[in-house]
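Take a look at the letters that make up each chain.
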Amino acid sequence: MGFLRPKMPPPPPPPPAMPTLPPATPDDFTEEQRKKVNAAVESKKKGYTDTILTTTQGDTSEPDIYKKTLLGA
């Protein structure tokens, strides 16, 4: 804090507080909104499960562990 250093700029103001929203319950949705939400959830589930290629046990196939050599038959 010597006289050769510039003064620190003031910190930015804090962001405004987020408004409290009422909880979204399934009773508040119309039938059309409920169908859209269910379709979005199902498509996300399908996309997630399509990328999983192994089971919970992992890859159970036998690995190829033999190496070819150049030292003869």
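Scroll up for the structure.
Calculation criteria
Once a new chain begins, its residue numbering starts again from 1 and follows that chain's sequence as written. Given that the model is predicted, a residue must reach a pLDDT of at least 70 before its local features are reported, and side-chain atom pairs must reach 80 or more before they are shown or counted; all residues, however, enter totals for whole chains, interfaces and linings. Values reported for side chains reflect all heavy atoms of the structure, with hydrogen atoms and water molecules removed beforehand. The rule for a salt bridge is simple: a side-chain nitrogen of Lys or Arg has to be within 4 Å of a carboxyl oxygen of Asp or Glu. Labels follow the DSSP assignment, with helices taken as runs of H or I lasting at least four residues and strands as runs of E lasting at least two, numbered in each case from the N terminus. With a 1.4 Å probe rolled over the protein chains alone, any residue whose accessible area is under 20% of its type maximum counts as buried; one over 50% counts as exposed, and the rest are partly exposed.

Draft legend 1. Highlighting the pattern of salt bridges. In the structure shown here, the tally under the stated rule is two salt bridges. Ionic pairing is found between Glu 31 and Arg 34, a salt bridge with its closest N-O pair at 3.7 Å. Highlighted residues: Glu 31 and Arg 34, both in helix α1 (residues 31–51), separated by three residues, approximately one helical turn. Judged by relative accessible area, which is 48%, Glu 31 ranks as partly exposed. Relative accessible area serves as the criterion here: at 30%, Arg 34 is assigned to the partly exposed category. Residue Glu 32 pairs with Lys 36 through a salt bridge whose shortest N-O separation is 4.0 Å. In this pair, Glu 32 and Lys 36 are both assigned in helix α1, four residues apart and thus about one turn of the helix distant.

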